[in-house]
Amino acid sequence: MGGNGKFRRWRISFYRSSSSAPKKDPPQEFLCPISNSLMFDPAVVSSGQTFERTCVNVCRDLGFTPTLSDGSTPDFSTVIPNLALKTAILNWCSKNGSDHPNPPVYSDVESSIRSLSGSSDTPKIRVSETELLKGVAEKPPILFSHAASELNPRNLYSSSSSEESVIANTTPLLPFATRPSCFSYSSSPSTSSEFISTSSEFITDERSANNVTSSSSSGEDENFITKMKSLDIYEQEQAVILLRKTTRTSEEARTALCSERLLFALKQSLKSRYAAVQTNAAAAVVNLSLEKDNKIKIVRAGVVPLLIEILKSGFEESREHAAGAIFSLALEDENKTAIGVLGALQPLLHELRSGTRRSRHDAALALYHLTLVHSNKVKLMKLGAVGVLLGLLKDAVVAARVVLVVCNLAASDEGRAALLDANAVECLVGLLRNRTEFSSESTRENYVAALYSLSHGSLRFKGLARDAGAVEVLLDVVRTDGERAKEKARRILEGLRGPEEAEDGEEVDWEAVMKGGVTQARYRVGRSYDRNSTEF
């Protein structure tokens, strides 16, 4: 069955309390908006609402989109577990003497929804998660800043470091690492045992790690799982260190070991308050996430909320790996909305401001990829991030990456308005005017790209640009910067050209600027105004 359906008062009873009923009804947020019953497995969907997962699965399998009581229609394209709400529901049941909710039966839910929606269509065949994963493109396109969308695509470049990198066809010169910064640096003292194999025990473990890729797929993860579940903290530590080492260089091991059982055990290690366990577990998540097929599995396994908790209160090196893992997971388009819904934006923004150099780099790139989705742009602006991002443009460590997030925000109407309100024009013009040693060609080009996005469809931009002295600065860009920056500067200047120049009896020879740069640009008529009034 397909199409949309409306309902106002659906009540499908999947939850039955015991004879000793609770004294008060459960809070409304604990009830599924479709079944109006206490949720056993609450799951967040792309549009932000939380439903019983079985109800979502039934609606998706039937091609049915309900209209909720508030008139909204949910988006079921992404479904992720709401672990916090599930815990809250169980705590409420325990506190109020109510039985914990039982899992609803799929066939009962399907029958009830079909009956209430007035449909008798034959059920569609359910698509398994494995089939869904197979349907994901092998190499999905990575969308970059919209600011340069009209320009010709550029070739790929590699950075000077050992990290793999690509250049976006719309964002010039800046190398984008496909692997987090934390992946390519040496271990801290807390993980030094990973690189020191003096004991016979570690030598044995290392040899077993090397045999992982050659063993059969069944039971490959059993040794890691057993040790990670051990009550002996030392065994837990050795297990995650070995897992980190095994998955660091072997693509086959990363693919074979990323099972549901191992991810569940790894989640327990991420909760550990022992630095070596937590740090190496987070590093192992980074390694596993490098494989494309693993990215969706890791998010669906509920690992992201634990990475967010580490960003909030984990050990310093653990936070570096958590930021790197979220960046790596955010490269997958299907994960972007889910990561935003789970609340990663605020901790990433905080890490961007106060973390280590590596965690700040990865947090910035994570925010860049997440803000390619409109819903995450809106969330970020609601967090008051615009002023923070503009302030960080003056920080040499992260400016080159932060300007990319600004470009993403400037590409939307809401972001453009928020940036104009925060004096982004004056800020960007000032950065272009005051050349510093950390303002590379690519960074300056992205400053111009951000201004170019802000100039689209905004009458306010003209006044703000002239108040900030943008004409003089942009003419300097046309004269001295790279070709891509020159092209955008010329377009901005063309947009700033208005009837007021003619009314004042004074105007710039814009045609000369468009054709030959600033050396031919002069004020053709009018009085002398200042030192720049006769020639640039």
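As the structure is a computational prediction, the values presented were derived from the model and not from experiment. (Residues numbered from 1 in each chain as written. Predicted model: local features only at pLDDT ≥ 70, side-chain atom pairs only at ≥ 80, totals over all residues. Heavy atoms only, no water.)

1. Structural notes on the pattern of salt bridges
Between side chains of opposite charge, a pair can form as their charged atoms come close. Counted under the stated rule, the structure contains 16 salt bridges. For K292, the salt bridge is made with E332, and the minimal N-O distance between the two is 2.7 Å. Taken as a pair, K292 in helix α11 (residues 292-300) and E332 in the loop between α13 (316-330) and α14 (333-341) lie far apart in primary sequence, 40 residues in all. Taking relative accessible area as the criterion, K292 reaches 17% and is therefore assigned buried. Among the salt bridges present, the one from R479 reaches D476, with a minimum N-O distance of 2.8 Å. Residue R479 and its partner D476 are located together in helix α24 (residues 470-480), separated by 3 residues, close to a single helical turn. (Salt bridge = Lys/Arg side-chain N within 4 Å of Asp/Glu carboxyl O. Helix = DSSP H or I, 4+ residues; strand = E, 2+ residues; numbered from the N terminus. Buried < 20%, exposed > 50% of the residue type's maximum accessible area, 1.4 Å probe, protein only.)

2. Thoughts on the environment of R491
For R491, the location among the structural elements is in helix α25 (residues 483-496). Using a relative accessible area of 29% as the deciding quantity, one classes R491 as partly exposed. Within the local environment of R491, its side chain forms a polar contact with the side chain of Y452, the two groups lying 3.4 Å apart. (Polar contact = N/O pair within 3.5 Å; in protein donor to acceptor, adjacent residues only side chain to side chain.)

3. Some remarks on the pairing of strand β2 (residues 42-45)
Residues of β2 alternate between two faces, with P42 and V44 on one and A43 and V45 on the opposite face, all of them buried. In this sheet, strand β3 (residues 50-52) lies alongside β2 in antiparallel orientation, the contact comprising 3 bridges. Residue pairing across strands places V44 opposite T50, the latter belonging to β3. Turn length for the β2-β3 hairpin, with the two strands adjacent in sequence and antiparallel, is 4 residues, and the turn residue G48 shows positive phi of about 105°. Taken together, the 3 bridges between β2 and strand β5 (residues 79-81) define a ladder with antiparallel strand orientation. Of the residues in β5, the one forming a bridge with A43 is P81. (Pairing = 2+ DSSP bridges.)

4. Let's talk about the nonpolar core
Membership of the largest hydrophobic core comes to 105 residues, with the highest contact counts inside it found for L352, L389 and L393. Considering each element in turn, this core owes the most residues, 9 residues, to helix α19 (residues 399-410). Excluding its chain neighbours within four sequence positions, the residues that come into contact with L389 are L349, L352, L380, V402, V405, V406 and L409. I34, A43, L62 and Y106 belong to the second largest nonpolar core, which has 25 residues in total. (Core = buried A, V, L, I, M, F, W, Y, C linked by side-chain atoms within 4.5 Å. Contact = heavy atoms within 4.5 Å.)

5. Concerning the sheet that holds β5
Taken in spatial order, the 3 strands of this open sheet run β3-β2-β5, and their pairing is antiparallel. Each edge of the open sheet is held by one strand with a lone partner, namely β3 and β5. Across the sheet, the mean angle from the axis of one strand to that of its neighbour is 45°, orientation sign disregarded. Each of β2, β3 and β5 touches helix α1 (residues 53-62); the most contacted strand, β3, lies at about 85° to it. (Axes fitted to C-alpha atoms, helices over the stretch in contact; angles between N-to-C directions.)

6. Describing α11
Those residues of α11 that sit buried are K292, N294, K295, I296, I298 and V299. G302 lies just past α11 and shows a positive phi near 85°.

7. Structural notes on the confidence of the model for the protein
Of all residues in the protein, 68% attain a pLDDT of 70 or more, and the chain-wide mean is 74. Here residues 501-507 is modelled with pLDDT under 50, and outside its nearest four sequence neighbours on either side it reaches 16 contacts, counting other chains as well. (pLDDT = per-residue confidence, 0-100.)

8. Side note on the packing of aromatic side chains
The description of two aromatic rings rests on the distance between their centres and on the angle between their planes. Counted under the stated rule, the structure contains 2 aromatic pairs. Where F30 meets W92, the ring centres are 6.4 Å apart and the plane angle is 75°; that geometry is what we call edge-to-face. Pair noted here: F30 is in the loop between β1 (4-6) and β2 and W92 is in helix α2 (residues 83-95), with a separation of 62 residues, a long-range link. By the burial criterion, F30 is buried, and W92 matches it. Taken together, a centroid distance of 5.5 Å and an interplanar angle of 85° make the contact between F51 and F76 edge-to-face. Of this pair, F51 sits in strand β3 while F76 sits in the loop between β4 (65-67) and β5, placing them 25 residues apart in sequence. On the basis of relative accessibility, which here comes to 8%, the residue F76 falls in the buried class. Across from the ring centre of F40, 5.3 Å away, lies the NZ or CZ of K86, which sits over that ring. (Phe/Tyr/Trp six-rings, centres within 6.5 Å; stacked < 30°, edge-to-face > 60°. Lys NZ or Arg CZ within 6 Å of the ring centre and 35° of its normal.)

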